[in-house]
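Now for the letters of each chain:
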Amino acid sequence: MHNKSVAELSRELESGKISSVELTREFLDRIKAEDKLYNSFITVTEDQALADAKTADEQRAAGKASVWTGVPFAHKDIFCTNGVATTAGSKMLANFVPPYDATVTANFRAAGAVCLGKTNMDEFAMGSSNESSFFGSVTNPWGLSSGDKRVPGGSSGGSAAAIAARLVPAATATDTGGSIRQPAALCGITGLKPTYGRVSRYGMIAFASSLDQGGTMARTAEDNALMLNVMAGFDPKDSTSVDRAVPDYTATLNEPLKGLRVGLPKEYFSDQLSPAMEQQVRNAVKEYEKLGATVKEVSLPHAKLAIAAYYVIAPAEASANLSRFDGVRYGYRCENPQDLNDLYTRTRAEGFGDEVKRRILVGTYALSAGYFDAYYLKAQKVRRLIQQDFINAFKEVDVLMSPVSPSPAFVQGANTNDPVTMYLEDIFTIAVNLAGVPAMSVPAGFVDGLPVGLQIIGNYFEEARLLNAAHQFQQVTDWHQKLPQ
Amino acid sequence: MQWDIVIGLEIHVQLATKTKIFSGSSTAFGAEPNTQASAVDLAMPGTLPVPNEQAFRYAVMFGLAVNAEIGRRSVFDRKNYFYPDLPKGYQTTQLDHPIVGPGYVDIDLADGSTKRVRIHHAHLEEDAGKSLHEDFHGMTGIDLNRAGTPLIEVVTEPDMNSAEEAVAFAKKLHGLVSSLGICDGDMSQGSLRFDVNISLKPKGSNELGTRTETKNLNSFRFMEQAIAHEVERQMDILEDGGRIIQETRLYNGERGESRSMRSKEEANDYRYFPCPDLLPVVIDDDFIEGARKLLPELPDERKARFKEQYGLNDYDARLLSDDARMAAFFEETASHGKDAKLAANWVLGEFSARLNAEDKTVVQAPITGAQLGQLVARIADNTVSSSGAKKVFEALWSGSGDNADAVIEAQGLKQVSDTGALEAMVDEVLAGMPDQVAQYQEEGDPKKQKKMLGGFMGPLMKASKGQGNPKLFNEILVRKLGG
Amino acid sequence: MSISREDIEKVAVLARIRVDEAQISALESDLGNILNLVDELSAADTANIEPLSHPLDAVQRLRTDEVTETNQREAFQAIAPATEDGLYLVPRVIE
């Protein structure tokens, strides 16, 4: 059963071939047996999951089931779960049990899905390798045969690795600069970052408010569509949530792609990309041509400035967003604070890891007197130029296609000495967040036995078109079905 | 050397909304600590702000009342600093795009002149919680019930040049926001808090001196004292050839001292930037017109009406119209008191003096406008003399009597107005003062005659045991002596 | 662009994060590298470009002034590091 998709599992449950309790037990057993190797979960909520599964079975028996009733999944440990520890991968919140649900959490609860636990992540979603988690690195299920342990990407590395290892069929994730797409690519699964504002951020622990967006991870595009059906929608508790009708994202999966206009941003096929990676991406684009798409080169002239703008805006917002972690009302507090300043400075020095501290300090610097205009204001102006690039590109094409990451999964520890090298991991994904458009990562081949992702970027609120394009690709390819050995 | 005093004010006005500016928590005063602090107010991880429409409506009403431009597109910014009563580690406020733009307020001064004080802007922001410094084993307790209460911060231009002007402005503003119903006006609970920026410059100079800011004054009296104190402090320094340091100072009203809060200012760099959790607030014509319809009678309008309707002079009309509750008290008094001018005299005289003496606001007064009005009616119809009326007022105020008529009766303060009885007394007194009568009748100057009448009044009041109606005595005297 | 030790110390004070001597040295190089990366911004021509603080050109929705929250002090303070009599406790604040 654990190799089946959410759509398949839902049908199995509906047909009565298996109960949710049995299914949940199977996945819990797999987590118990195998997650020692991957460390993809921070918390496994066995008792609650089995109780929820029992309720789901009763609901189904009573004829009150929806697609998700009784289907197991997991939450990235950044979504607040009432009564279940929510750590954001940080020592700061290692003991934090929120007495409230994120809106996304509540939505899955209402849909009857069974949450198996909380997945590992880079601390406060700051990272591209899952090595900054207080709860230890996550290991990519791919590439283990070489003897090296590789990163799953980040920050949603726990969700991606758990899905790739068949410990869970689907998991929520978040993407601030590539945190869904890059781990999805590195783990050979399918992930979607929706349009900014499409999914509520309420109860999703903030990293950079104007960039953060909750999204989906699963093996198939169809499962991503099923997840988005649950997650998307207006939330009066989030001022940046968009009040706009939510389509049934599964309804258009089978639309033919004939006439789809695909743009290849020339800036994303640059020196940073290895020839082997580029070959895989271009092969995938050829598949689209076979499906009836037309392909042309386009330009995102300011794309090269995206990393620079992002590493001002994201740390600036983070520096304020993370000020609430002060040891006063919840979370970590240092031992025996001598005075107020000691309470603050020691709590924050001890509670945050190095990467989080670096970003807070950079963000504080960028906002401080004398630097605001040169950094923050300038970055926001560049952000508009980057957005304009996308708006212009979408006047010519329906979707953009590109690589997701410059290289496949790297060996753990390879990039930890230099933060900047790590930042360049997101060189093809970051502009999307600055513009706020939706984008997916779809498995598109292998290099040296490691998965390669194809990035498909859409215009605002065109998630359905992306899912359709990804689904059609997955009807003619089987990259997403490959199993790590 | 002669100095010009330059004063600008920043006033924090707590808005009387039911809920907080960014959450649905109640703002009711006096709840148990932290029982009105929701997940949003406590800055729990992942929680987000959603602004309160009523706070914007109130801010727009204020803007309209001070003749200001309304910010059609206002933006919230984060002001970053750490303090235990500030849960998010930043205050959400409006820096560059406030909801209320430039406006003005005209204030009336004691010499009868009017002065225009310009409002630089007013912005919406959230209040902080409270630190309680009672001893919790050497710890401070934090109550976040107040955190997130909506405020407008009103910032004036440095247009005031004396404590009198600053206090007149403060009172006017207090009256304005109370009249609008956007603030409960209760200064003892911090509903209005004043920061005073003060600088001195050589008389006639165009260059502003270095200013200090005295923070968190929550009574007009402290404000007046604090300004006097700070002006004197700066003058001493300048006349000794010293320099004023730009700093924040804290005035202790009980001790009449101020001290620097420089330590708090040190290294402050608030790193303002637009709050990414909130979008620009766009105020359209409909919203503004809706707010305009809610505007009650404003003090300036009320003043004009008092002059017209009650025949009050400019000065009395102003004193009675600035504060909505004082105005309402006066109107209640006047409606029961038959004589509006007399009612005004009593409200501004005896009544206000007692409020001041006991440091009470009009709502805390132990008597109602109706009670005072009844008394005024008895003065107007000559039932009681003005000296008797003071005794009645005392009884009402102290609670030993609850209506004027009962007190007059009980204390035997009723004036004798029986003309026959009074005439008999006049006859008797005049009979005993033949020389004075002759003197009066020989006097050719009516003015001097009028003066001489006083000489008969003493013995008449004595004869009537103080209960004779002086006005009637006067009439009878003039008639009998005049011949 | 490089960042000085003094800048790092100042920023650490603003951010209320204690840093020791050894950390400052590491931060000098790490933050310096990050700022070098970020300095590419200065090359961009942004004349007459409006800053973009939000990806969607949306305006703020306003909430009706109705009490929707109930007292949850017990639940919130159950996860607090130090409370007494319903108050959060911090080391003495000196005004």
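Parameters and conventions
Each chain has its residues counted from 1, running along the sequence as written. Whichever chain is written first becomes A and whichever ligand is written first becomes 1, with later ones labelled in order. Only residues with pLDDT of at least 70 are given local features in this predicted model, and only at 80 or more are side-chain atom pairs given and counted; all residues enter the totals for whole chains, interfaces and linings. Hydrogens and waters are ignored; side-chain quantities use all the structure's heavy atoms. A run of DSSP states H or I qualifies as a helix once it reaches four residues; a run of E qualifies as a strand once it reaches two. Both are numbered from the N-terminal end. For a compact globule the rule gives 2.2 Å times the number of residues to the power 0.38, and the radius of gyration it is set against comes from C-alpha atoms. Note on exposure labels: buried denotes an accessible area under 20% of the residue type's maximum, exposed denotes more than 50%, and partly exposed covers the range between, all computed with a 1.4 Å probe on protein chains only. Contact criterion: two residues are considered in contact whenever any of their non-hydrogen atoms come within 4.5 Å of each other. We get accessible surface area from the Shrake-Rupley algorithm with a probe of 1.4 Å; when it comes to residues, only the shown protein chains can shield them. When charges are counted, Lys and Arg contribute as positive and Asp and Glu as negative, whereas His and the chain ends are disregarded. To locate a charge, the coordinates of NZ of Lys, CZ of Arg, CG of Asp or CD of Glu are taken. Within this document, salt bridges are pairs made up of a side-chain nitrogen of Lys or Arg and a carboxyl oxygen of Asp or Glu, the two lying within 4 Å of each other. Should DSSP find at least two bridges between two strands, the strands are regarded as paired. Here's the idea: put two parts together, see how much 1.4 Å probe accessible area each one loses, and the total over both is what we call buried area. Three classes are used, and their members are as follows: Ala, Val, Leu, Ile, Met, Phe, Trp, Tyr, Cys and Pro are nonpolar, Asp, Glu, Lys and Arg are charged, and the others, Gly among them, are polar. Axis definition: a line fitted to C-alpha atoms, over the contacting stretch in the case of helices. Angles run 0 to 180 degrees between N-to-C directions. Here is the rule for angles: anything less than 35 degrees is roughly parallel, anything more than 145 is roughly antiparallel, 65 through 115 is roughly perpendicular, and the remaining ranges are oblique. By the definition used in this description, the sense in which the near helix is turned from the far one sets the handedness, with an anticlockwise turn below a right angle giving left-handed and a clockwise turn giving right-handed. Within this scheme a cavity is a closed region of a 1 Å grid, computed over the protein atoms alone, that accommodates a 1.4 Å probe without allowing it to escape, whereas a pocket is open but has protein on both sides within 12 Å along at least five of seven lines; lining residues each have an atom within 4 Å of a point. Grid points are joined across faces, edges and corners, and a volume is the space filled by probe spheres set on the points. Among the buried residues, those of types Ala, Val, Leu, Ile, Met, Phe, Trp, Tyr and Cys that are joined through side-chain atoms within 4.5 Å form a nonpolar core.

Description of the overall build of chain B
- From N to C terminus, chain B includes 16 helices and 15 strands.
- Radius of gyration (C-alpha) of chain B: 29 Å, far over the 23 Å computed for a compact globule of 483 residues.
- Its C-alpha atoms give chain B principal-axis dimensions of roughly 95 × 55 × 55 Å.
- Taken across its 483 residues, chain B has 55% of its residues classed as buried.
- Intrachain contacts of chain B at a sequence separation of at least 6 include 68% that bridge at least 24 residues.
- Total accessible area on chain B stands at roughly 21,100 Å², and carbon and sulfur atoms take up 48% of it.
- Averaging the locations of the 54 positively and 73 negatively charged side chains of chain B gives two centres separated by 2 Å.

A look at the pattern of salt bridges
- Scanning all chains against the criterion turns up 63 salt bridges over all chains.
- Between Asp238(A) and Arg201(A) there is a salt bridge, with the nearest N and O atoms lying 3.9 Å from each other. Taken as a pair, Asp238(A) in the loop between helix H7 (221-231) and strand S7 (261-265) and Arg201(A) in the loop between strand S5 (190-193) and strand S6 (213-218) lie far apart in primary sequence, 37 residues in all. Summarising the burial analysis for this pair, Asp238(A) and Arg201(A) share the class buried.
- Across the pair Arg479(B) and Glu423(B) runs a salt bridge whose closest N-O atoms are separated by 3.2 Å. Taken together, the residues Arg479(B) in helix H16 (residues 470-482) and Glu423(B) in helix H13 (residues 419-431) connect sequence positions 56 residues apart.

With respect to the sheet that holds strand S7 (residues 130-136) of chain B
- In spatial order, the strands read S7(B)-S8(B)-S2(C)-S1(C); together these four strands make up an open sheet with antiparallel pairing. Of all strands in the sheet, those bounded by a partner on one side alone are S7 of chain B together with strand S1 (83-84) of chain C.
- In this structure, strand S8 (residues 139-143) of chain B lies alongside strand S2 (residues 87-91) of chain C, joined through four bridges in antiparallel fashion. Note on S2(C): the bridge partner recorded for Gly141(B) is Leu89(C).

Topic: the interface of chain B and chain C
- With 53 residues of chain B in contact, the opposing surface of chain C contributes 32 residues.
- In total, chain B and chain C occlude about 3,900 Å² of area from one another, counting both sides; carbon and sulfur atoms represent 58% of this.
- The interface formed by chain B and chain C holds zero salt bridges in total.
- Residue assignment for the side of chain B that touches chain C shows that the elements contributing at least two residues are helix H1 (53-65), S7, S8 and strand S15 (281-282) of chain B.
- Counted by class, the side of chain B that touches chain C contains 26 nonpolar, 16 polar and eleven charged residues.

A look at the packing of H13(B) against H16(B)
Residue and element names in this part refer to chain B.
- Interhelical geometry of H13 versus H16 gives an angle of 55 degrees and a closest axis separation of 10 Å. Between H13 and H16, the crossing angle belongs to the class labelled oblique. In this structure, the crossing between H13 and H16 has a hand that is right-handed. Across the interface between the two elements, Thr419, Leu422, Glu423, Met425, Val426, Asp427 and Leu430 of H13 pack against Leu472, Phe473, Ile476, Leu477, Arg479, Lys480 and Leu481 of H16.
- For the contact of H13 with H16, the per-class residue count stands at nine nonpolar, one polar and four charged.

Let's talk about the side chain of Ser10(A)
- Locating Ser10(A) in the fold gives a position in helix H1 (residues 6-15).
- Residues within four places of Ser10(A) in sequence aside, it is in contact with Arg60(A), Val67(A) and Val71(A).

Regarding the side chain of Ser20(A)
Residues and elements named next belong to chain A.
- Tracing the chain through its elements places Ser20 in helix H2 (residues 20-38).
- A residue is classified by how much of its surface remains accessible, and Ser20, at 1% relative accessible area, is buried.
- Those residues within four positions of Ser20 in sequence are excluded, and the remaining contacts are Leu13, Ala53, Ala56, Asp57, Gly70 and Val114.

Some details on empty space enclosed by the protein
- Scanning all chains against the criterion turns up three cavities of 30 Å³ or more.
- Estimated volume of the largest cavity: approximately 190 Å³.
- Lining of the largest cavity is provided by 18 residues; of these, Phe22(B), Val40(B), Asp41(B), Lys88(B) and Glu126(B) occupy positions nearest its centre.
- Residue composition of the lining of the largest cavity, grouped by class: nine nonpolar, three polar and six charged.
- Around the second largest cavity sit Ala206(A), Asn321(A), Arg324(A), Phe325(A), Pro45(B), Gly46(B), Thr47(B), Leu48(B) and Asp277(B), which together line it.
- In terms of residue class, the lining of the second largest cavity is made up of four nonpolar, three polar and two charged.

Looking at the nonpolar core
- Residues Trp68(A), Phe124(A), Phe390(A) and Ile456(A) are the most contacted members of the largest nonpolar core, which totals 199 residues.
- For this core, the leading source of residues is helix H9 (residues 306-321) of chain A, giving twelve residues.
- Excluding residues that lie within four positions of it along the chain, Ile456(A) makes contacts with Tyr288(A), Val399(A), Leu400(A), Met401(A), Pro438(A), Ala439(A), Met440(A), Val442(A), Leu466(A), Ala469(A) and Ala470(A).
- One finds Ile7(B), Val66(B), Val154(B) and Leu200(B) within the second-largest nonpolar core, a separate group that totals 67 residues.

Remarks on the interface of chain A and chain C
- Each side of the interface is counted separately: chain A has 69 residues, and chain C has 48 residues.
- Interface area, chain A with chain C, both sides summed: about 5,100 Å², of which 70% is carbon and sulfur.
- At the junction of chain A with chain C, the criterion picks out two salt bridges.
- Arg18(C) serves as the salt-bridge partner of Asp342(A), at 2.8 Å between the closest nitrogen and oxygen.
- Contributions of two or more residues to the side of chain A that touches chain C are made by H9, helix H10 (340-351), helix H11 (354-367), helix H12 (373-396), helix H13 (419-423) and helix H14 (430-435) of chain A.
- Among the elements that take part in the side of chain A that touches chain C, H12(A) stands out by supplying eleven residues, more than any other.

Nothing here speaks to function; it is geometry throughout.
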